[in-house]
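What follows is each chain in one-letter form.
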Amino acid sequence: MRQHQEGVKQVGEKERREEEDRRRQDLEFQLEQERQQRAREAAAAQHAAEAAAWQAMQ
């Protein structure tokens, strides 16, 4: 009986760790997506600023 309870406990712990890993990976993916979006927005803003400066010099 004790071995069974210990086995159930270990399985529950393994499932909990796997769920935490999935959540962490999801968060890391989301953060990376947000970082890439900010980088695209910054590049677009830089391009617009350069275009405006070029127009101003014409």
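What you are looking at is a predicted structure, and each value in this text was computed from that prediction instead of being measured. (Residues numbered from 1 in each chain as written. Predicted model: local features only at pLDDT ≥ 70, side-chain atom pairs only at ≥ 80, totals over all residues. Heavy atoms only, no water.)

## What to know about the pattern of salt bridges
What counts here: We count a salt bridge whenever a side-chain nitrogen from Lys or Arg sits within 4 Å of a carboxyl oxygen from Asp or Glu. Only DSSP runs of H or I with at least four residues qualify as helices, and only runs of E with at least two residues qualify as strands; both kinds are numbered from the N terminus onward. Between buried and exposed lies partly exposed: a residue is buried under 20% and exposed over 50% of the maximum accessible area for its type, with that area taken using a 1.4 Å probe on protein chains only.
Under the definition given, this model contains 9 salt bridges. We note a salt bridge from Arg17 to Glu13, for which the minimum N-O separation is 3.8 Å. Here Glu13 and Arg17 lie together in helix α1 (residues 2-57), a separation of 4 residues that amounts to about one turn. Since its relative accessible area comes to 42%, Arg17 is described here as partly exposed. Between Arg16 and Glu20 there is a salt bridge, and its shortest N-O distance comes to 2.4 Å. Taken together, the residues Arg16 and Glu20, both in helix α1 and 4 residues apart, mark about one turn of the helix. Among the residues examined, Arg16 registers a relative accessible area of 37% and is labelled partly exposed. Beyond isolated ion pairs, a larger network of salt bridges with shared partners links Glu13, Arg16, Arg17 and Glu20.

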